[in-house]
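# Understanding the architecture of this molecule
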Amino acid sequence: MSVRKAPFGTWSSPITADALIQGNIPLLDVLVDPVTRIIYHIERRSSEGGRAVIVDTIANKEVFGANWNATSKVHEYGGGSAIVYDGEIFFSHSPDGRVYSVIVGSEPTAVTPAEKPFRYADFDVHPIHRHLVAAVLEDHTHDDPAAVVNTLVVIDIRTRSLTTIASGADFYAAPRFSPDGAFIAYQQWNHPDMPWQRSEIHVFGVSVKGDNVILADKKRLAWDGREVSVGYPGWIDAKTLLYLCDESGFLNPWVYSVSSKEAKPLLTSALAQDFALPAFQLAWSPYAILGAEKDTIVFSALKDGRSVLYLFKISTKALVLIDSPFVSITAIRAVDVNTIAFQAKTTRSPSAVVRLRFSDISTPSPGFTYETLKSSMASLPFPDGIISQPEPVTLGTQNEPVHAILYPPTNPEYDGSSDPSEKPPCIVSAHGGPTAMAGHGLDWTRQYFTSRGWVWLEVDYSGSAGYGRKYIDRLNGAWGVADIADCANAAIALASDGRVDGTRTAIRGGSAGGFTTLAALSNSEAQRAFAAGTSLYGISDLTRLAKAGTHKFEARYMDKLIGGTADEIPDVYAGRSPVNNAQNIRSALLLLQGTEDRVVPPEQAEAIEQTLRAQGRHIEKVLFDGEGHGFVKAESIKVALETERAFYENVFGIGK
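These remarks concern the structure in this document. Treat the numbers as computed from the prediction; the structure is a model and nothing was measured.

Conventions we followed
- Residues numbered from 1 in each chain as written.
- Predicted model: local features only at pLDDT ≥ 70, side-chain atom pairs only at ≥ 80, totals over all residues.
- Heavy atoms only, no water.
- Helix = DSSP H or I, 4+ residues; strand = E, 2+ residues; numbered from the N terminus.
- Rg over C-alpha atoms; globule rule 2.2 N^0.38 Å.
- Buried < 20%, exposed > 50% of the residue type's maximum accessible area, 1.4 Å probe, protein only.
- Contact = heavy atoms within 4.5 Å.
- Pairing = 2+ DSSP bridges.
- Salt bridge = Lys/Arg side-chain N within 4 Å of Asp/Glu carboxyl O.
- Phe/Tyr/Trp six-rings, centres within 6.5 Å; stacked < 30°, edge-to-face > 60°.
- Lys NZ or Arg CZ within 6 Å of the ring centre and 35° of its normal.
- Axes fitted to C-alpha atoms, helices over the stretch in contact; angles between N-to-C directions.
- Disulfide = S-S within 2.5 Å.
- Core = buried A, V, L, I, M, F, W, Y, C linked by side-chain atoms within 4.5 Å.
- Expected span 1.5 Å × (residues − 1).

Bringing the overall build of the chain into the picture now. When helices and strands are counted, the chain shows 10 helices and 36 strands. A globule of 656 residues ought to have a C-alpha radius of gyration of about 26 Å, and the chain, at 25 Å, matches this closely. In terms of its C-alpha atoms, the chain occupies a principal-axis envelope of roughly 75 × 60 × 50 Å. Expressed as a percentage of the 656 residues in the chain, the buried residues total 59%. Across the chain, the fraction of contacts at a sequence separation of at least 24, relative to all contacts at a separation of at least 6, is 58%.

Laid out in structure tokens, this is it:
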């Protein structure tokens, strides 16, 4: 194959929007029936309006027909929309919010009351009284964020009735029955905290008498007076609860004994790694308990921005690293005593359902094999060598490092630019959250650009997850300051090193990353690093969002990110709102926004658009009808990607 040279950004690439849409089916979750051991997954059908479908993974068979959508809208971000137990699947159907039961081959039947503005998620089936299903309930009778009520309920599927088992807190998550059904554990937290900032786990004894579910003997696991997060509860056995706690500064595993009523770290010494990401969605599962005696735990953890797998032996306290190619691991589920299933990515392969089998879990270091059961892209119709590989970059100072991941221009048909002096254009990407991380797993949007001759830089700016609590807390009171400085400094550093063209560098981000984009472009110092920007459903007016309201889950998120409420520090909110600093914007700006977004309403995009148009600035906007916070329809994904690329090419004069 002959290798060509051509200006960066003009390289011909087979990674097109059409190829990605037609071949890519996003995977949302992995489910395992603990009785039958059958593995299921939930996939998003972009070609069917973003419908979520539950599929028997190995049989490759859908469990319900085309009219069903297994999506939950609890917290708006959803998660935990289904559970499987002994051949029966319970799932949340987003069009009406009700929970339905289905056995493969039959039609779903409702198991919750009709005509109620309720949302359900994060289910658990009682192991003895299997007609009882615990769930998070979000009541939208009064559909105002301040009036939405969250509780924990038990659904009686025989009578379609609800029993409230916990109320009064602002939020609940992860109700989990013990293996004998004698106890239930769950997480709760209150405004203004997010669950990864300060939360509690409650443990109750459970008894069932007739139609009544009775809780007693409450135990509360919390750190009063300190901001400590506890979450992800699950039972090792009938008397031992496993959960994660960041008391050490990193989210590490702990255990609680219902017999001794004592809680303690599981590891002999704290590990400077987080064993889970912040729970923006419900029912994430970062571990699985294996072994005939339930004496082995498989954990995922985050090291240097990547997922790793560990095998932990309870009897010896040995923590063994499992050598695997996966850099992004979620939804770990036990299949049998030696087997787990999970969702994973490598740096070269997209999201997939993976089954990993240990040869003999009872041995200290068992061998293992793994196989891909379902890939989000059945085949990769692209040539070898076209996938750009991540290069970790550390910026900042020794005391306050800033982590980033660089993806160089990569295409086997090209060997640089036809102009020896040309440096590649660059896209600096600010992830959403903001308490999230970019990760190293294969992402097709990045590859869409790198395969055309762009540099893509992901910045895990101050406040990002995966590097411990101290790194997260660096954004407290500094959102709109530290994040934009980190992104701007990263762009400047790359240009100074001669790796990119500083005059053709753009910043882009979605949601919180959209705010960082707008804040950087409207900051008199940071905007010098960028010649263009794209905000996908980003925040332009902090005051308006705080007062007019976002959804309940994040309604008080900004209290700590900004350093107080909008009433307490109105000048700070106003001063950091991009719409109020739009006079500083000199760069071209593209806005991509869904009309049905309840997290960051369309008014946010409209506000800065109107301001910039009045000033005669280069502003473009595309509204996506029927889309919410993130685009799920095939046509929307295609238009958004192609519009963003064409925008940069026009602004930077690429291909002209």
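Summarising burial for strand E7 (residues 99-103): 4 of the 5 residues are buried, a large majority. Taking the residues between adjacent antiparallel strands as the criterion, strand E6 (residues 88-92) and E7 are bridged by 6 residues, where Gly-97 takes a positive phi near 80°. Two strands pair when backbone bridges link them, and E7 and strand E8 (residues 109-110) are joined in this way by 2 bridges, in the antiparallel orientation. Considered in E8, the bridge of Tyr-100 is made with Ala-110. A loop of 5 residues connects E7 with E8, the two strands running antiparallel in sequence, and Gly-105 in this loop sits at a positive phi of about 100°.

On to the environment of Pro-408. Positionally, Pro-408 belongs in the loop between strand E30 (401-407) and strand E31 (426-430). Taking the C-alpha atoms as reference, Pro-408 lies 42 Å from Asp-336; in sequence the two are 72 residues apart. Sequence-distant contacts of Pro-408, defined by excluding residues within four places in its chain, comprise Ser-388, Gln-389, Glu-391, Thr-450 and Trp-454.

Moving on, we come to the pattern of salt bridges. One pass over the structure, following the stated rule, counts 40 salt bridges. Across the pair Arg-226 and Glu-247 runs a salt bridge whose closest N-O atoms are separated by 3.7 Å. Within this pair, whereas Arg-226 is found in the loop between strand E16 (212-221) and strand E17 (230-237), its partner Glu-247 is found in the loop between strand E18 (240-245) and strand E19 (252-257), the two being separated by 21 residues in sequence. With relative accessibility at 38%, the residue Arg-226 sits in the partly exposed group. Residues joined by salt bridges that share partners form a network here, namely Asp-193, Arg-198, Glu-227, Asp-246, Arg-469, Asp-473 and Lys-560.

Attention shifts here to the packing of aromatic side chains. Evaluated as defined, the whole model comprises 39 aromatic pairs. Between the aromatic rings of Tyr-77 and Phe-280, the centroid separation amounts to 5.9 Å while the plane-to-plane angle is 85°, which identifies the pairing as edge-to-face. Here the residue Tyr-77 occupies a position in the loop between strand E4 (61-62) and strand E5 (82-85), and Phe-280 occupies one in the loop between strand E20 (262-265) and strand E21 (287-290), the gap between them amounting to 203 residues. Taking the ring centre of Tyr-448 as reference, the NZ or CZ of Arg-452 above it sits at 4.1 Å. For Lys-552, the ring lying beneath its charged end belongs to Phe-171, and the centroid distance is 5.0 Å.

Further remarks concern the sheet that holds strand E36 (residues 619-624). Spatially, the 8 strands line up as an open sheet ordered E29-E30-E32-E31-E33-E34-E35-E36, and their pairing is mixed. Unpaired on one side and paired on the other, strand E29 (391-396) and E36 mark the two borders of the sheet. Each strand axis lies, on average, 20° off the axis of its neighbour in the sheet, ignoring direction. As judged from the 5 bridges shared by E31 and strand E32 (residues 455-460), these two strands associate in the parallel manner. Considered in E32, the bridge of Ile-427 is made with Trp-456. Relative to the sheet, helix H5 (residues 512-521) contacts E31, strand E33 (505-510), strand E34 (532-536) and strand E35 (588-594), its axis offset from that of E33 by approximately 145°.

Spatial strand order, E13-E14-E15-E16: 4 strands in an open sheet with antiparallel pairing. The sheet terminates laterally at strand E13 (171-177) and E16, the two strands that pair on one side only. Pairwise comparison of adjacent strand axes, ignoring direction, gives a mean angle of 25° for this sheet. Of the strand pairs in this sheet, strand E14 (residues 183-189) and strand E15 (residues 200-209) are connected by 6 bridges, and their pairing is antiparallel. Within E15, the position partnered with Tyr-186 by the bridge is His-202.

Enumeration according to the criterion identifies 0 disulfides in this entry. Of all cysteine sulfurs, the one in Cys-426 lies closest to Cys-487, which takes part in no disulfide; the gap is 11 Å.

Attention now moves to the nonpolar core. Core analysis: the biggest nonpolar cluster contains 79 residues, and Val-428, Leu-457, Val-459, Trp-479, Cys-487, Phe-530 and Leu-542 have the highest contact counts within it. Each residue touching Val-459, except ones within four places of it in the same chain, is listed here: Val-402, His-403, Ala-404, Val-428, Ser-429, His-431, Asp-486, Cys-487 and Ala-490. Ala-19, Ala-438, Trp-444 and Ile-654 belong to the second-largest nonpolar core, a separate cluster that totals 33 residues.

On to helix H4 (residues 482-496), then. For H4, which comprises 15 residues, the first-to-last C-alpha distance of 21 Å matches the rise-based estimate of 21 Å (1.5 Å per residue) to within 8%. Residues Ala-482, Asp-483, Ile-484, Asp-486, Cys-487, Ala-488, Ala-490, Ala-491 and Leu-494 constitute the buried set of H4. Packed against the buried residues of H4 are E29, E30, E31, E32, E33 and H5. Where H4 terminates, the next one or two residues include Gly-498, which has phi positive at roughly 80°.

Below, the discussion takes up the side chain of Thr-112. Mapped onto the secondary structure, Thr-112 falls in the loop between E8 and strand E9 (118-125). You can call Thr-112 buried: its relative accessible area is 0%. Excluding residues that lie within four positions of it along the chain, Thr-112 makes contacts with Arg-98, Val-99, Tyr-120, Ile-155, Arg-160 and Leu-162.

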